Amino acid sequence: VKARQVFVADLIDNEIGLENKKLCDIGTGEGQFLKIARDDYKAKVFGIEPSKKLCGELNKENIKNFCGTIEDIEKISDFKKSFDIVTIMWTLENSSEPNAMLKISGNILKDNGFLVVSTGSRILVPFKKPLNYYIDDSVVDTHPTRFSKNTLSLILKKNGFKVFFVNRYIDQDWLCIIAKKEKENNKIYSDNYKE
């Protein structure tokens, strides 16, 4: 997990810079990514986390946080247009309302701010692992949404973002898209089902 978080932090720093940027991580967990961004890249970090226990851990690490969901933070006007960068890492695919998560992310981003979405890179790419590692026999599907590069690009467009950067997901385990908050984006993304 730490390796992929360092990958995302380094990618953000290389593409748009992290130093002195106000960064908000949605679904921040115990804050490992935010510690990396703060300590190694000098970002000003903030986490949104629904777990009271994990928010207690964030407080111990002196990481500012909001204990609640992204939907809860939308009701607080103090957070409108507050952040330069918002990250959603391996969380959007777990959301029952990904459109709402993206819309609210846009609301808390400053104008021309950047949204970074990272997820597994397993749709329309060569399988690197056995299929049963990806689709198992669990009763509950903890990943109700699965994204390809094109479907993730389209949902970002629908919610007011223009794709700025896409990593080489085809030969990596991770798909990471950096998108810029914008009003207009006319490019249409689609997947060829025959592929």
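The rules behind each value
Residues numbered from 1 in each chain as written. Predicted model: local features only at pLDDT ≥ 70, side-chain atom pairs only at ≥ 80, totals over all residues. Heavy atoms only, no water. Helix = DSSP H or I, 4+ residues; strand = E, 2+ residues; numbered from the N terminus. Buried < 20%, exposed > 50% of the residue type's maximum accessible area, 1.4 Å probe, protein only. Contact = heavy atoms within 4.5 Å. Areas by Shrake-Rupley, 256 points an atom, 1.4 Å probe, with all protein chains shown as cover. Axes fitted to C-alpha atoms, helices over the stretch in contact; angles between N-to-C directions. Parallel < 35°, antiparallel > 145°, perpendicular 65-115°, else oblique. Left-handed = near helix turned anticlockwise from the far one by under 90°. Nonpolar A, V, L, I, M, F, W, Y, C, P; charged D, E, K, R; others polar. Core = buried A, V, L, I, M, F, W, Y, C linked by side-chain atoms within 4.5 Å. Pairing = 2+ DSSP bridges.

**Points about the overall build of the chain**
Helix and strand content of the chain: six helices and seven strands. When the elements of the chain are put in sequence order from the N terminus, they spell out α-β-α-β-α-β-α-β-α-β-α-β-β. The buried share of the chain, taken over its 195 residues, is 44%. Look at the contacts in the chain between residues 6 or more apart in sequence, and 65% of them connect residues 24 or more apart. Summed over all atoms, the accessible surface of the chain reaches about 10,700 Å², with 49% contributed by carbon and sulfur.

**Considerations on the environment of F161**
Within the secondary structure layout, F161 lies in strand β6 (residues 161-166). For the pair F161 and K180, spaced 19 residues apart in sequence, the C-alpha to C-alpha distance is 5.3 Å.

**A few points about the packing of helix α1 (residues 2-15) against helix α2 (residues 32-41)**
Axis separation between α1 and α2 bottoms out at 10 Å; the angle between their running directions is 45 degrees. As the angle between them shows, α1 and α2 are arranged oblique. By crossing handedness, the relation of α1 to α2 is classed as right-handed. Counting all contacts with α1, which are made through K2, Q5, V6, V8, A9, D10, I12 and D13, the residues of α2 involved are Q32, F33, I36 and Y41. The residue inventory of the contact of α1 with α2, partitioned by class, reads seven nonpolar, two polar and three charged.

**Quick notes on the nonpolar core**
Among the nonpolar cores identified, the biggest contains 27 residues, and I48, L115, L152 and L156 are the most heavily contacted of them. Mapped onto this core, the elements with two or more residues apiece are β1 (22-26), β2 (44-49), α4 (70-73), β4 (83-89), α5 (98-108), β5 (109-120), α6 (149-158) and β7 (174-181). Here the element with the most residues in this core is α5; it accounts for four residues. With residues near it in sequence (within four places) discarded, L115 still touches V86, I88, L102, S105, L109, L156, F161, I177, I178 and A179. Judged by nonpolar contacts, the second largest core, of 24 residues, contains V8, I12, I85 and V116.

**Section: the packing of α5 against α6**
One way to put it is that α5 packs onto α6 with a least axis distance of 9 Å and a crossing angle of 55 degrees. With respect to α6, the axis of α5 lies oblique. For the pair α5 and α6, the sense of crossing is right-handed. Residues P98, N99 and L102 of α5 pack against I155, L156 and K158 of α6. Of the residues assigned to the contact of α5 with α6, the class counts are four nonpolar, one polar and one charged.

**Brief notes about the pairing of β7**
If a strand is regular, its side chains alternate between the two faces of the sheet. Most of β7 sits inside the fold, with six of its eight residues counted as buried. Both β6 and β7 contribute to a ladder of five bridges, which runs antiparallel. Bridge assignment links V166 to a residue of β7, and that residue is I177.

**With respect to unusual backbone geometry**
With phi around 55 degrees, N62 is a residue other than glycine that occupies positive phi space. Within the secondary structure, N62 sits in the loop between α3 (52-60) and β3 (64-67).

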